[in-house]
Amino acid sequence: MSKERTLVLVKPDGVRRGLVGEVISRIETKGYEITAMRMLNADRSILEKHYEEHNGKPFFEPLLEFMSSGPIVAMVAEGERVIEGFRTMAGVTDPTVAAPGSIRGDLARDQGTKVVQNIVHGSDSVASAEREIKIFFS
Ligand code: DAT
Ligand code: MG
């Protein structure tokens, strides 16, 4: 099994709530290696690229607004099957039903907003990971 890389983002809700350390700790405790990290204020152009698959959906504008509402932390995590592994650690998109034990299941809930606020992003495939890592670490 070859090593993979994935892009993890701690979203503005995670940074605001002081959960950067918690997310890093879970990734490291699981045994993945964090090989790059930066904090940034993502502007519209970077977010349009990152979320291009969602362009045109009803939550696209609220998503961009939310993701630019405060600093985010971008990191690259590496390890065998880390893409699937981190998605499992994150839990499903909707934090209301994300499994307890997952990041979203433990740390997030429905806030009644137009876009789901769920603490973290994780790439969903090798192709997405390579595309997304280039956007944040060029
Ligand atoms: P994920 O982040 O689990 O990969 P996604 O790529 O489908 O989910 O969507 C990106 C983000 O957009 C997601 O983390 C939260 C928000 N979102 C997705 N579907 C939504 C919906 N139906 N209503 C509101 N926000 C949504
Ligand atoms: Mg996604």
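Keep in mind the model is a prediction, meaning the values are calculated, not measured. (Residues numbered from 1 in each chain as written. Chains lettered and ligands numbered in written order. Predicted model: local features only at pLDDT ≥ 70, side-chain atom pairs only at ≥ 80, totals over all residues. Heavy atoms only, no water.)

**Regarding the overall build of the protein**
Consideration 1: Check the secondary structure of the protein and you find seven helices and four strands.
Consideration 2: Its helices and strands in sequence order give the protein the pattern β-α-α-β-α-α-β-α-α-β-α, from N to C terminus.
Consideration 3: Taking 138 residues into account, the globule formula puts the C-alpha radius of gyration at 14 Å, and the protein, at 14 Å, falls close to it.
Consideration 4: Dimensions of the protein, computed from C-alpha atoms along their principal axes, come out at roughly 40 × 35 × 25 Å.
Consideration 5: Here the analysis covers contacts within the protein between residues at least 6 apart in sequence; of these, 75% occur between residues at least 24 apart.
Consideration 6: Distance between charge centres in the protein, computed from 18 positive and 20 negative side chains, equals 2 Å. (Helix = DSSP H or I, 4+ residues; strand = E, 2+ residues; numbered from the N terminus. Rg over C-alpha atoms; globule rule 2.2 N^0.38 Å. Contact = heavy atoms within 4.5 Å. Lys, Arg positive; Asp, Glu negative; His and termini not counted. Charge placed at Lys NZ, Arg CZ, Asp CG, Glu CD.)

**Some words on the site of ligand 1**
Consideration 1: As a matter of local geometry, ligand 1 sits amid Lys 11, Tyr 51, His 54, Phe 59, Leu 63, Arg 87, Thr 93, Arg 104, Lys 114, Val 115, Val 116 and Asn 118.
Consideration 2: For ligand 1, an oxygen atom lies 3.1 Å from a polar atom in the side chain of Arg 104.
Consideration 3: Taking Asn 118, its side chain carries an N or O atom lying 2.9 Å from an oxygen atom of ligand 1.
Consideration 4: Expressed as a share of its isolated accessible area of 520 Å², the protein-covered part of ligand 1 is 76%.
Consideration 5: Partitioning the shell around ligand 1 into residue classes produces five nonpolar, three polar and four charged. (Near = heavy atom within 4 Å. Polar contact = N/O pair within 3.5 Å; in protein donor to acceptor, adjacent residues only side chain to side chain. Areas by Shrake-Rupley, 256 points an atom, 1.4 Å probe, with all protein chains shown as cover. Nonpolar A, V, L, I, M, F, W, Y, C, P; charged D, E, K, R; others polar.)

**Structural notes on unusual backbone geometry**
Consideration 1: With phi around 55 degrees, Arg 81 is a residue other than glycine that occupies positive phi space.
Consideration 2: Even without glycine at this site, Ile 119 takes up a positive phi of about 75 degrees.
Consideration 3: Relative to the assigned elements, Ile 119 resides in the loop between helix H6 (103-107) and strand S4 (120-122).
Consideration 4: In this structure Ile 119 comes out as buried when scored by relative accessible area, which is 0%. (Buried < 20%, exposed > 50% of the residue type's maximum accessible area, 1.4 Å probe, protein only.)

**Focus: the sheet that holds strand S2 (residues 33-40)**
Consideration 1: The strand order S2-S3-S1-S4 describes an open sheet built from four strands, whose pairing is antiparallel. The sheet is open, and its two edges are formed by S2 and S4, each paired on a single side. Across the sheet, the mean angle from the axis of one strand to that of its neighbour is 20 degrees, orientation sign disregarded.
Consideration 2: In the sheet, S2 pairs with strand S3 (residues 72-80) via seven bridges, with the strands oriented antiparallel. Its bridge partner being in S3, Leu 40 is matched across the sheet by Ile 72.
Consideration 3: Helix-sheet contacts for helix H7 (residues 126-136) involve strand S1 (3-10), S2, S3 and S4, and the interaxial angle to S1 is about 55 degrees. (Pairing = 2+ DSSP bridges. Axes fitted to C-alpha atoms, helices over the stretch in contact; angles between N-to-C directions.)

**Overview of the nonpolar core**
Consideration 1: The biggest cluster of nonpolar side chains holds 24 residues, and the ones touching the most others in it are Val 23, Ile 27, Met 75, Phe 86 and Ile 119.
Consideration 2: Looking at which element gives the most residues to this core, the answer is helix H5 (residues 82-90), with five residues.
Consideration 3: The contact partners of Val 23, leaving out residues within four places of it in the chain, are Val 8, Val 10, Met 75, Ile 103, Ile 119 and Val 120.
Consideration 4: Listed in part, the 19 residues of the second largest apolar core include Ala 42, Leu 47, Leu 63 and Val 76. (Core = buried A, V, L, I, M, F, W, Y, C linked by side-chain atoms within 4.5 Å.)

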